[in-house]
Amino acid sequence: MIASDLVALSPLIVLSSTAVVVMLSIAIRRDHHLAALLAFLGLAAALASLRFAAAASPRRVTGLLLVDGYSLFYSAVLLLSTAAVLLLAFAYMERQQEHREEFYCLMLLAACGALVLVSSCHLVSLFLGIEILSVSLYGLIAYLRFQPLPLEAGMKYLVLAATSSAFLLFGMALLYSETGSMELSSLAKSYMGTPDPALGAVGWAGTILMLTGIGFKLAVAPFHLWTPDVYQGAPLPVTAFVATVSKGSVFALLLRWFHGADSTVSAPVYWAFVTMAIASMLIGNLLALQQENVKRLLAYSSIAHMGYLLVAFLAAGPLGIQAATYYLIAYLVTMLGVFGLMTVLSTGEEEHCELKDYRGLFWQHPVISGLFAAMLLSLAGIPLTAGFLGKFYVIAAAASSSLWLPVFVLIVSSTIGIYYYLRVIVALFSLPAEAGEREEPVRLTVPLEASFSLAALVILLFVFGLYPTPFWALIQTMSASLG
Amino acid sequence: MAFIFYASSIVAVVATLLTITRRNAIHALLYLVVSLLAIAIDFYVMGAPFVAALELIIYAGAIMVLFVFVVMMLNIGEHAAETELDVFRPRAWLGPGLLAAVLLAEVARLVSLQSGAYTGSTEISSKQVAVALFGPYVIGVELASLLLTAGLVGAYHLGRRAVSREEEIRGVDTDESRAVSRGAAVSAGAGRSSHAA
């Protein structure tokens, strides 16, 4: 541990000490505004400290963490996503009959876990990062502890996440006993490359168990069963966090793990990922068709999007990394936007998540409905939005690696997907119900900080869709540090 | 001492299976203690006496005592005396006792062996563990502390007594408002319904 190690880790140090400061400030004086302000300042300081960390990178800190261009890039993305969630959550938490300050402490700790994941290069930091993230999420999902749905969702997540962690840990133990190494890069070598590497039955069992654990965290089929219930039960800002930061960090880890090695994945691992990708795309899109609850619909949609991401992940070489990163960021922006708009629309105690709550919304709140429609079109992959270019890059990368079967399923399933996104949009723009049934239109005041966050997300959505060149160049520089 | 390793592994597996199939919490806890003791012996035989000691002190000692306390606190009521008597019937302690006797015999054998008790290639001393933890793995220790903070804050929030916000703002703690908030908590609990599709 020398000074430049500490500088390289400064984003993590700033973020975790902010969590402690928020905790201490709660002990001294409970103040929602203060806690939120401290958390936001901490995130901003962590973002600023990325500059100094970049000066010290690339640097391997004590074998557990690797700070390089890739991890710094993803750290910035995750910190910005967390900041967007915090801005959207403030007004939502203000309405809750509950202590609200711990929310920020848990959110910061969860972001710490995500940051550890994106810079981890060792099984120990991988596991600790995943656990910090999950344990914070137990508290966050069940945060509104006197409502039945969040409690049920929290309990489900607790049991299933603990089970999947057990799978992950057991897989790690088996792989370690076979290879004698806990470094991700040297572990990756043991099942990369063609012809098939010499890995014993124990090693393969360990690999499969680890993929199961990771698959659960990513919520890809067939490990997706928790997703709809947890999405539906969790408070809206937390749902946004689970859908974006939690999944994004695990995916970034997977990308580094498998793309860090030079060779392509071996046949068994390749087919495992192809199966997961195809199953996720089909199951996610087909089950979303008949959902009446928008949160559940988005949950199935996110399963499908993880399937698309896995297709990009399978594409070899730097193009695969770049396409996956671009798609992931487009997905983060869009999901944050959708959940942010839902948070803004949910005034009062109740969340507005049923499809019928959105019927005829356009005639009351045209701007918000327009933005909502734009976000959904981006999820569906309609041109001019970030989602379209993301899907374009994914298909380009997959086609250049001749992944014809996944590409075919991707095209078919995203065509199916358009149906349910359009279903929500049709509901938005359909004429309101009879005058008698409809109560007086509610006046909606969008809080300043939430509108700032939403405006940034909408601008990003269209910039990524219309003028991606500077951003694409940034991703290319980042992926160079990985390859 | 491969035999001792496999014997205590079997004890651990059997005890854990019995733990998750018992309907009575105290019975399950007794089997869980036995399972943890068996794992401690496994660690010892594999050449990790420090981990074995930690397993005994932390899991079989501290955490099990906490478990038993909580179960006993939940049992306060008219039937408390009956349930406590139930623990002393042979049906309850015979199984865990037998398994623990196997472990005791193994420990006696290990003590009589004096040397060469380890199947692992080397014995890992507590000093080596400390050097590893505070050398290459020091970030792991720090991350584990973050993990505990997250668990602590979450548990504190979820386990807190029901306090309504108005009550807290006014700083009054009247019986009436507390009764109201408790009523809300009860109704929230009673209104649970499954929403799985």
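Residues numbered from 1 in each chain as written. Chains lettered and ligands numbered in written order. Predicted model: local features only at pLDDT ≥ 70, side-chain atom pairs only at ≥ 80, totals over all residues. Heavy atoms only, no water.

S.K.: So what's going on with the overall build of chain B? Which residues, and what values?
M.R.: Of the regular secondary structure elements, chain B holds 9 helices and 0 strands. For chain B, the α and β elements follow one another from N to C terminus as α-α-α-α-α-α-α-α-α. Counting all 197 residues of chain B, 28% fall into the buried class. Taking all contacts inside chain B whose residues are at least 6 apart in sequence as the whole, residues at least 24 apart take part in 67%. Accessible area for chain B stands at about 12,500 Å²; split by element, carbon and sulfur atoms hold 70% of it. (Helix = DSSP H or I, 4+ residues; strand = E, 2+ residues; numbered from the N terminus. Buried < 20%, exposed > 50% of the residue type's maximum accessible area, 1.4 Å probe, protein only. Contact = heavy atoms within 4.5 Å. Areas by Shrake-Rupley, 256 points an atom, 1.4 Å probe, with all protein chains shown as cover.)

S.K.: Got a sec to walk through the overall build of chain A? Specific residues and values, please.
M.R.: Counting its regular elements, chain A contains 19 helices and 2 strands. With 483 residues in all, chain A has 62% of them scored as buried. The long-range fraction of contacts in chain A, counting pairs at least 24 apart against all pairs at least 6 apart in sequence, stands at 81%. As presented, chain A carries roughly 16,900 Å² of accessible surface, and 72% of it is formed by carbon and sulfur atoms.

S.K.: Explain the side chain of Glu106 of chain B residue by residue, including any values.
M.R.: Residue and element names in this part refer to chain B. Following the sequence through the fold, Glu106 ends up in helix H5 (residues 90-113). At 10 Å, Arg109 is the nearest oppositely charged side chain to Glu106, a buried residue that forms no salt bridge. Aside from chain neighbours lying at most four places away, what touches Glu106 is Ile4, Ala7, Ser8 and Ile41. (Lys, Arg positive; Asp, Glu negative; His and termini not counted. Salt bridge = Lys/Arg side-chain N within 4 Å of Asp/Glu carboxyl O.)

S.K.: Describe in detail the packing of helix H4 (residues 69-94) of chain A against helix H11 (residues 236-259) of chain A, supporting the description with residues and values.
M.R.: Residue and element names in this part refer to chain A. Across the interface, H4 lies against H11 with an axial gap of 9 Å and an inter-helix angle of 175°. When the interaxial angle is binned, H4 and H11 end up roughly antiparallel. On the side of H4, the interface is formed by Tyr70, Ser71, Tyr74, Leu78, Ser81, Thr82, Val85, Ala89 and Tyr92, while H11 contributes Leu236, Pro237, Ala240, Phe241, Val245, Ser249, Ala252, Leu255 and Arg256. (Axes fitted to C-alpha atoms, helices over the stretch in contact; angles between N-to-C directions. Parallel < 35°, antiparallel > 145°, perpendicular 65-115°, else oblique.)

S.K.: Quick rundown of the nonpolar core? Include the residues and the values.
M.R.: Core analysis: the largest hydrophobic core is formed by 195 residues, its most contacted members being Trp257, Phe258, Phe273 and Met342 of chain A. Per-element tally for this core: the top contributor is helix H14 (residues 317-345) of chain A, with 19 residues. Sequence-distant contacts of Trp257 of chain A, that is, excluding residues within four places in its chain, are made with Leu184, Leu187, Ala188, Tyr191, Met210 and Ile214 of chain A. Counting residues in hydrophobic clusters, the runner-up holds 12 residues, among them Ala12, Leu99, Leu103 and Leu110 of chain B. (Core = buried A, V, L, I, M, F, W, Y, C linked by side-chain atoms within 4.5 Å.)

S.K.: Describe unusual backbone geometry, listing the residues and the values that go with them.
M.R.: Residue and element names in this part refer to chain A. Note that the residue after Ala221, namely Pro222, is joined by a cis bond; omega there is 0°. The phi angle at Ala219 is positive, at roughly 55°, despite the residue not being glycine. Residue position: Ala219 is located in the loop between helix H9 (201-218) and helix H10 (227-233). We classify Ala219 as buried; its relative accessible area is 0%. At Leu384, a position not held by glycine, the phi torsion is positive, near 80°. Mapped onto the fold, Leu384 is located in the loop between helix H15 (366-380) and helix H16 (386-400).

S.K.: Run through the interface of chain B and chain A, naming residues and quoting values.
M.R.: In this complex, chain B contributes 33 residues to the contact, which on the side of chain A involves 42 residues. Buried surface at the junction of chain B and chain A, both sides included, amounts to about 3,200 Å², of which 67% is carbon and sulfur. At the junction of chain B and chain A, the tally comes to 0 salt bridges. Our enumeration of links across chain B and chain A arrives at 5 residue pairs in polar contact (both at pLDDT 80 or more). (Buried area = accessible area lost by both parts, 1.4 Å probe. Polar contact = N/O pair within 3.5 Å; in protein donor to acceptor, adjacent residues only side chain to side chain.)

S.K.: Could you give me a rundown of the environment of Tyr467 of chain A, with the residues and numbers involved?
M.R.: Within the secondary structure, Tyr467 of chain A is located in the loop between helix H18 (448-466) and helix H19 (469-482). Remark: the alpha-carbon pair of Tyr467 of chain A and Leu389 of chain A, spanning 78 residues in sequence, is separated by 10.0 Å.

S.K.: Explain H14 of chain A to me, using residue names and the numbers behind them.
M.R.: Its 29 residues give H14 of chain A an end-to-end C-alpha distance of 43 Å, which sits within 8% of 42 Å, the value for a rise of 1.5 Å per residue. In terms of burial, H14 of chain A is a largely internal element, 26 of the 29 residues being buried. (Expected span 1.5 Å × (residues − 1).)

S.K.: With reference to specific residues and values, describe the pattern of salt bridges.
M.R.: Residue and element names in this part refer to chain A. Within the structure shown, the criterion is met by 11 salt bridges over all chains. A salt bridge links Arg30 to Glu101; the shortest N-O distance between them is 2.7 Å. Remark: Glu101 occurs in helix H5 (residues 101-118) and Arg30 occurs in the loop between helix H2 (10-28) and helix H3 (32-56); sequence separation between them is 71 residues. What makes Arg30 partly exposed here is its relative accessible area of 24%. Given a relative accessible area of 3%, Glu101 falls into the buried group. We note a salt bridge from Lys156 to Asp229, for which the minimum N-O separation is 2.8 Å. Pair noted here: Lys156 is in helix H7 (residues 148-179) and Asp229 is in helix H10, with a separation of 73 residues, a long-range link. Each of the salt bridges in this network shares a partner with another, and the network as a whole consists of Glu152, Lys156, Asp229 and Arg296.

S.K.: I'd like a description of H9 of chain A, backed by residues and values.
M.R.: Note on helix geometry: an α-helix contains 3.6 residues per turn, so any two residues three or four positions apart are oriented the same way. All names here are of chain A. In this model H9 runs 25 Å from its N-terminal to its C-terminal C-alpha over 18 residues, within 8% of the 26 Å that 1.5 Å per residue would give. Along H9, 14 of the 18 residues are buried, which leaves the element largely enclosed by surrounding structure. Once H9 ends, the next one or two residues include Ala219, with phi positive near 55°.

S.K.: I'd like a rundown of the side chain of Thr19 of chain B, residues and numbers included.
M.R.: Residue and element names in this part refer to chain B. Mapped onto the elements of the fold, Thr19 is located in helix H1 (residues 2-21). Relative accessible area serves as the criterion here: at 14%, Thr19 is assigned to the buried category. There is a polar contact of 2.6 Å between the side chain of Thr19 and the backbone oxygen of Ala15. Leaving out residues up to four positions away in the same chain, Thr19 has contacts with Ala28, Tyr31 and Leu32.

S.K.: Describe the state of the cysteines, and please don't skip the residues or the numbers.
M.R.: All names here are of chain A. Taken as a whole and assessed by the stated rule, the structure comprises 0 disulfides over all chains. You can see Cys105 has no disulfide; the closest cysteine sulfur is in Cys112, sitting 9.5 Å from it. The exposure class assigned to Cys105 is buried, which follows from its relative accessible area of 1%. (Disulfide = S-S within 2.5 Å.)

S.K.: For the confidence of the model for chain B, give the residues involved together with the corresponding values.
M.R.: Residue and element names in this part refer to chain B. With 73% of its residues at a pLDDT of 70 or more, chain B shows a mean pLDDT of 77. At the level of individual helices and strands, chain B shows its lowest average pLDDT in helix H9 (residues 175-190), which scores 41, and its highest in helix H7 (residues 138-159), which scores 92. When the criterion is pLDDT under 50, residues 171-197 qualifies, and its contacts beyond four places in sequence or with other chains add up to 28 contacts. (pLDDT = per-residue confidence, 0-100.)

S.K.: Tell me about the packing of aromatic side chains, and name the residues and values.
M.R.: The tally for this structure, following the rule as stated, stands at 28 aromatic pairs over all chains. Between Tyr270 of chain A and Trp271 of chain A the ring centres are 5.3 Å apart and the planes differ by 80°, which places this aromatic pair in the edge-to-face class. Taking the centre distance of 5.3 Å and the plane angle of 80° together, the rings of Phe5 of chain B and Tyr6 of chain B count as edge-to-face. Members of the aromatic cluster, connected to one another through ring pairs, are Tyr326, Phe392, Tyr393, Phe464, Phe471 and Trp472 of chain A. (Phe/Tyr/Trp six-rings, centres within 6.5 Å; stacked < 30°, edge-to-face > 60°.)

S.K.: Quick rundown of the environment of Ser186 of chain A? Include the residues and the values.
M.R.: Structurally, Ser186 of chain A can be placed in helix H8 (residues 184-190). Reaching out from Ser186 of chain A, the side chain makes a polar contact with the backbone oxygen of Glu183 of chain A at a distance of 3.3 Å.

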